[in-house]
Amino acid sequence: MITVEQTQEIAQKIAELGLSDSTVSELRQDYRPIHFTYCMDDDLPNNTPILSQDGFNLYLIDGREHCLCLTQDYATATGIVVAEIIPD
């Protein structure tokens, strides 16, 4: 389970540190056992982020089954996708 407060803290930390591989690595250490994935936002077409910020979106992952899927349900979320937005 991931909380709304955790996603807000994570977004704030990304905004402070800047989005990079090292920031995502730090999130993995600070928010164990949450699984983090880092990708580009256009890799997730037609999905609604759980939280949007300048330069990135956060999506929740449900990893309870053997196949991962995106979810809007904080109670079933086991991970977060940090998706970088590249300006046009």
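Everything below is about the structure printed above this text.
Scoring rules and cut-offs
Residues numbered from 1 in each chain as written. Predicted model: local features only at pLDDT ≥ 70, side-chain atom pairs only at ≥ 80, totals over all residues. Heavy atoms only, no water. Salt bridge = Lys/Arg side-chain N within 4 Å of Asp/Glu carboxyl O. Helix = DSSP H or I, 4+ residues; strand = E, 2+ residues; numbered from the N terminus. Buried < 20%, exposed > 50% of the residue type's maximum accessible area, 1.4 Å probe, protein only.

## Thoughts on the pattern of salt bridges
Here is step 1: For the structure on display, the rule yields 3 salt bridges.
Here is step 2: Between K13 and E26 there is a salt bridge, with the nearest N and O atoms lying 3.3 Å from each other. Within this pair, whereas K13 is found in helix α1 (residues 4-17), its partner E26 is found in helix α2 (residues 21-30), the two being separated by 13 residues in sequence.
Here is step 3: The exposure class assigned to K13 is buried, which follows from its relative accessible area of 18%.
Here is step 4: A salt bridge links D62 to R64, with the nearest nitrogen and oxygen atoms 2.8 Å apart.
Here is step 5: On the basis of relative accessibility, which here comes to 8%, the residue D62 falls in the buried class.
Here is step 6: Through salt bridges with shared partners, a single network forms among K13, E26 and D30.

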